[in-house]
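Reading the structure
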Amino acid sequence: MTTLENHAATKWHLRGNWAPVLDERTDFDLRVDGAIPPELQGVYLRTGPNPASGRSDHWFFGDGMVHGIRLAGGKAEWYRNRFVQTPNITDPRGDAMPNMGDLSRGTGNTHVMPHNGEILCLEEGHWPWRIDQELNTLGYQNYGGALTTSMTAHPKVCPVTGELLAFSYLSPQPPYLHYIRVGVDGVLKQLEGIEIPNMVMMHDFNVTRNHVVFMDLPVCFDLDALATGLPFKFNADAGARLGVMPRTGTNADVRWFEIDPCYVFHPVNAHEQGDSIVLHVSRQPEAFGSSNDDYAQVGRLWKWTIDLAAGTVREEAIDDRPGDFGRVDDRLVGLDARYGYLMALAGEGNSEEPVYGSALWKYDLGTGRVLGTPARCRCERCRARLRPGFARRRRGRRVGGGLVARHRQRRVAAADHRCPGLHGRTGGDDPPAPSRAIRCAWQLGARQFQRVTTAGSAGISAASGAHDRVPVSSLNAARRMWRKCRLC
């Protein structure tokens, strides 16, 4: 125990709120304070890096642990958490880097999402892992052996065709980038090598109705950086480019557009506008500048407009508020979505560890304006974090017709902690005491929440963090229903 504590003292991702959760548990018939909106039907899921051994060399390498709360009929039926049963759990072999060549030895620790009736747990160095709605691990997904590369943690599901669009950037030899297209039937339709000059950390990408846009940004493979845990480092001299390709295109069809060197972990959305492609991204000047554990830089909302006819890119800063983890309504991914939601960031200049903010920004992407007063927590004790998400209303088809935003709560030690500071956009008095389900999620390290969108007949709802107060949606009916702004 002393050894673990000494190790954790030197690794920010192994101490405090970030400390690993080593036990799995299940609780039934969770007490609810207030009322759960009846529209919320399904399983709320999140995944995050959680090393089963209690230690890891880098934040990105922890084993995946999925947490879930089942909601039905206005009740919270159960809470449970489970490790994703990859070989790293069932047959551990030590450090993560030597396992990078075996695509089956993933973690599923970065994102969780549905496609073709499956729930996929993803990280970008290996194949996705499948779980069921009870959080049982079903095995990896390589599409019958057709997928011979890793897959990004951030695929996009086209709301028009149902296709899953993805890529892989971890290849020891050219081509370093591969484009992945999976049909609505769950069959791999395309695995296309894309030529780029360097292996770069391409964490995410952009899709529109007819195109994909790759971000060739200069966080480059660097073996000298391996001593700090991950062999990637920012190198502005490598340049930065955006690559536009038709969704059914090939390497020969990619058009590259140079931009100023920068880095983007997560875009918000992209869409086509005449002969142009408009991207909204959370852009930061660099990433992993001094090391691959350097978090001094933060992202801000930018707009990139690619003029396909002129062959140019217009780069515009939209807002000076730090923010990342952007989302739009999942029914409008790749289309002209009016509203985008970003989680506020803090800690700019703090290279020691990432620091998340306590607000959620709602943007009108057409004008760049921030709408309303963001939900925020003023409680220093809980240091709440909010991440954007979207749970659609089952009976509504209007744009924005859903329950918006989710709350990410840092773990607290006291089981009876009460957060006195969180207020939604409607204002109001201090929130009630959190329910047992929420306290449970706090105590079990409710961090790194990842979103699962509604999957129709599969009954999978939007993943969320946990707190008794959630920002209201733009729909008037939801405003009335959530006048007290409570959710457990």
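Treat the numbers as computed from the prediction; the structure is a model and nothing was measured. (Residues numbered from 1 in each chain as written. Predicted model: local features only at pLDDT ≥ 70, side-chain atom pairs only at ≥ 80, totals over all residues. Heavy atoms only, no water.)

**Section: the overall build of the protein chain**
Scanning the protein chain from N- to C-terminus turns up four helices and 29 strands. Looking at the protein chain residue by residue over its 488 residues, the buried ones come to 61%. Pairs at least 24 residues apart make up 60% of the contacts formed inside the protein chain by residues separated by at least 6 positions. If you sum the accessible surface of the protein chain, you get close to 18800 Å²; carbon and sulfur atoms cover 46% of it. (Helix = DSSP H or I, 4+ residues; strand = E, 2+ residues; numbered from the N terminus. Buried < 20%, exposed > 50% of the residue type's maximum accessible area, 1.4 Å probe, protein only. Contact = heavy atoms within 4.5 Å. Areas by Shrake-Rupley, 256 points an atom, 1.4 Å probe, with all protein chains shown as cover.)

**Some points on the sheet that holds strand β13 (residues 206–207)**
Strand order in the open sheet formed by four strands is β13-β14-β17-β18, and the pairing between neighbours is antiparallel. Taken across any chain shown, the strands that pair with only one partner, and hence form the sheet edges, are β13 and β18 (255–259). As judged from the six bridges shared by strand β14 (residues 211–216) and strand β17 (residues 240–246), these two strands associate in the antiparallel manner. Bridge pairing links His211 to Pro246 in β17. (Pairing = 2+ DSSP bridges.)

**As for the sheet that holds strand β2 (residues 42–49)**
Spatially, the four strands line up as an open sheet ordered β1-β4-β3-β2, and their pairing is antiparallel. Each end of this open sheet is capped by a strand with a single partner; those strands are β1 (26–30) and β2. Taken over all neighbouring pairs, the strand axes of this sheet differ in orientation by 10° on average, direction set aside. Relative to strand β4 (residues 75–83), strand β3 (residues 64–72) runs antiparallel, the two sharing eight bridges. Paired with Met65 across the bridge in β4 is Phe83. (Axes fitted to C-alpha atoms, helices over the stretch in contact; angles between N-to-C directions.)

**Digging into unusual backbone geometry**
A cis geometry characterises the amide bond from Pro174 onward to Pro175, with omega recorded as -5°. Tracing the backbone shows Pro175 in the loop between β10 (164–168) and β11 (177–182).

**Side note on the packing of aromatic side chains**
Enumeration according to the criterion identifies 19 aromatic pairs in this entry. Arranged with centres 5.6 Å apart and planes meeting at 80°, the rings of Trp18 and Trp59 form a pair that is edge-to-face. One end of the pair, Trp18, is in the loop between α1 (2–9) and β1; the other, Trp59, is in the loop between β2 and β3, with 41 residues separating them in the sequence. Here the two residues Trp18 and Trp59 agree in accessibility, since each one is buried. (Phe/Tyr/Trp six-rings, centres within 6.5 Å; stacked < 30°, edge-to-face > 60°.)

**What to know about the nonpolar core**
Phe214, Trp304 and Ile306 are the most contacted members of the largest nonpolar core, which totals 69 residues. The element best represented in this core is strand β19 (residues 263–273), accounting for five residues. With residues up to four places along the chain from it excluded, the contact list for Ile306 reads Val213, Leu242, Val244, Phe257, Asp275, Ser276, Ile277, Leu279, Thr312 and Val313. Counting residues in each nonpolar core, the second largest holds 14 residues, with Met113, Leu122, Leu147 and Ile180 among its members. (Core = buried A, V, L, I, M, F, W, Y, C linked by side-chain atoms within 4.5 Å.)

**Side note on the side chain of Ser104**
On the secondary structure map, Ser104 appears in the loop between α2 (87–90) and β5 (111–115). At 2.7 Å, the side chain of Ser104 forms a polar contact with the side chain of Asp102. If sequence neighbours within four positions are ignored, Ser104 has contacts with Pro87, Trp127, Trp129 and Tyr140. (Polar contact = N/O pair within 3.5 Å; in protein donor to acceptor, adjacent residues only side chain to side chain.)

**Topic: a nonpolar patch on the surface**
Nonpolar side chains collect at one region of the surface, where Phe221, Leu223 and Leu226 lie side by side and expose about 280 Å² of accessible area between them. Relative to the assigned elements, Phe221 resides in strand β15 (residues 219–221). (Patch = residues over 30% accessible without salt bridge, like charges linked within 9 Å, V, L, I, M, F, W, Y side chains within 5 Å. Salt bridge = Lys/Arg side-chain N within 4 Å of Asp/Glu carboxyl O.)

**Let's talk about the environment of Glu192**
Relative to the assigned elements, Glu192 resides in strand β12 (residues 188–194). Given a relative accessible area of 18%, Glu192 falls into the buried group. For the pair formed by Glu192 and Thr250, sequence separation is 58 residues and the distance between their alpha carbons is 6.5 Å. Apart from the residues lying within four places of it in its own chain, the contact partners of Glu192 are Leu177, His178, Tyr179, Gly249, Thr250 and Asn251.

**What to know about the pattern of salt bridges**
Working definition: two side chains of opposite charge can pair if their charged atoms are close together. In the structure shown here, the tally under the stated rule is 17 salt bridges. For Arg300, the salt bridge is made with Glu348, and the minimal N-O distance between the two is 2.8 Å. Of this pair, Arg300 sits in strand β21 (residues 300–307) while Glu348 sits in the loop between β23 (339–346) and β24 (355–364), and the two are 48 residues apart along the sequence. Its relative accessible area of 46% is what places Glu348 among the partly exposed residues. Look at the salt bridges and you will find they share partners, linking Glu163, Arg181 and Arg247 into a network.

**Topic: the confidence of the model for the protein chain**
Mean pLDDT over the protein chain stands at 79; residues scoring 70 or higher make up 72%. Confidence drops under pLDDT 50 across residues 378–384; counting only partners more than four residues distant or on other chains, this segment forms 23 contacts. When the criterion is pLDDT under 50, residues 395–488 qualifies, and its contacts beyond four places in sequence or with other chains add up to 318 contacts. (pLDDT = per-residue confidence, 0-100.)

**With respect to the environment of His58**
Along the chain, the position of His58 falls in the loop between β2 and β3. There is a polar contact of 3.1 Å between the side chain of His58 and the backbone nitrogen of Phe60.

**Notes on the pairing of strand β8 (residues 137–140)**
When strand β7 (residues 129–131) meets β8, the two strands line up antiparallel, connected through three bridges. Residue Trp129 lies in a different strand from β8, and its bridge partner there is Tyr140. Between β7 and β8, which pair antiparallel in sequence order, lie five residues; one of them, Leu135, sits at a positive phi of approximately 75°.

**Some details on the environment of Asp102**
Examined against the element boundaries, Asp102 turns out to sit in the loop between α2 and β5. The contact partners of Asp102, leaving out residues within four places of it in the chain, are Arg93 and His126.

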